[in-house]
Amino acid sequence: MAKVDFKELAALVAGEKERVEVRGFMSTLEGRRDFKKEISLTDLVPHSSLYWQNIIEQIKLVLRRI
């Protein structure tokens, strides 16, 4: 499980950034292990760029209503 700043994710999807930082945790047999690392588009679930652009636009619409 990891989280990323929305503006950073949007920049990644738009091709404005090649890598962004994520923070999260992993469950192991020894317990929870926190991590911080940089990811690129290839680290995300494989979808077309159009899919990711649509996701970003839909999130923007929701955020405008908040």
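What comes next is a walk through the structure.

Some words on the sheet that holds strand β1 (residues 2-3)
Part 1 of the argument: Ordered in space as β1-β2-β3, the 3 strands form an open sheet in which the pairing is antiparallel. In this open sheet, the two edge strands, each paired with only one partner strand, are β1 and β3 (31-39).
Part 2 of the argument: With 9 bridges connecting them, strand β2 (residues 20-28) and β3 associate as antiparallel partners. What sits directly across from M26, in β3, is R33.

Points about the pattern of salt bridges
Part 1 of the argument: Scanning all chains against the criterion turns up 5 salt bridges.
Part 2 of the argument: Residue E8 pairs with K17 through a salt bridge whose shortest N-O separation is 2.8 Å.
Part 3 of the argument: A relative accessible area of 33% places K17 in the partly exposed class.
Part 4 of the argument: Among the salt bridges present, the one from K60 reaches E57, with a minimum N-O distance of 3.6 Å.

What to know about the nonpolar core
Part 1 of the argument: Counting residues in hydrophobic clusters, the biggest one holds 10 residues: L9, A10, L12, V13, V20, V22, I39, L44, W52 and I56.
Part 2 of the argument: Those elements that place two or more of their residues in this core are α1 (6-13), β2 and α2 (49-65).
Part 3 of the argument: Residue contributions to this core peak at 4 residues, all from α1.
Part 4 of the argument: Not counting chain neighbours up to four residues away, the residues in contact with V22 comprise A2, K3, V4, F35, K36, K37 and I39.

Thresholds applied
- Residues numbered from 1 in each chain as written.
- Predicted model: local features only at pLDDT ≥ 70, side-chain atom pairs only at ≥ 80, totals over all residues.
- Heavy atoms only, no water.
- Pairing = 2+ DSSP bridges.
- Helix = DSSP H or I, 4+ residues; strand = E, 2+ residues; numbered from the N terminus.
- Salt bridge = Lys/Arg side-chain N within 4 Å of Asp/Glu carboxyl O.
- Buried < 20%, exposed > 50% of the residue type's maximum accessible area, 1.4 Å probe, protein only.
- Core = buried A, V, L, I, M, F, W, Y, C linked by side-chain atoms within 4.5 Å.
- Contact = heavy atoms within 4.5 Å.

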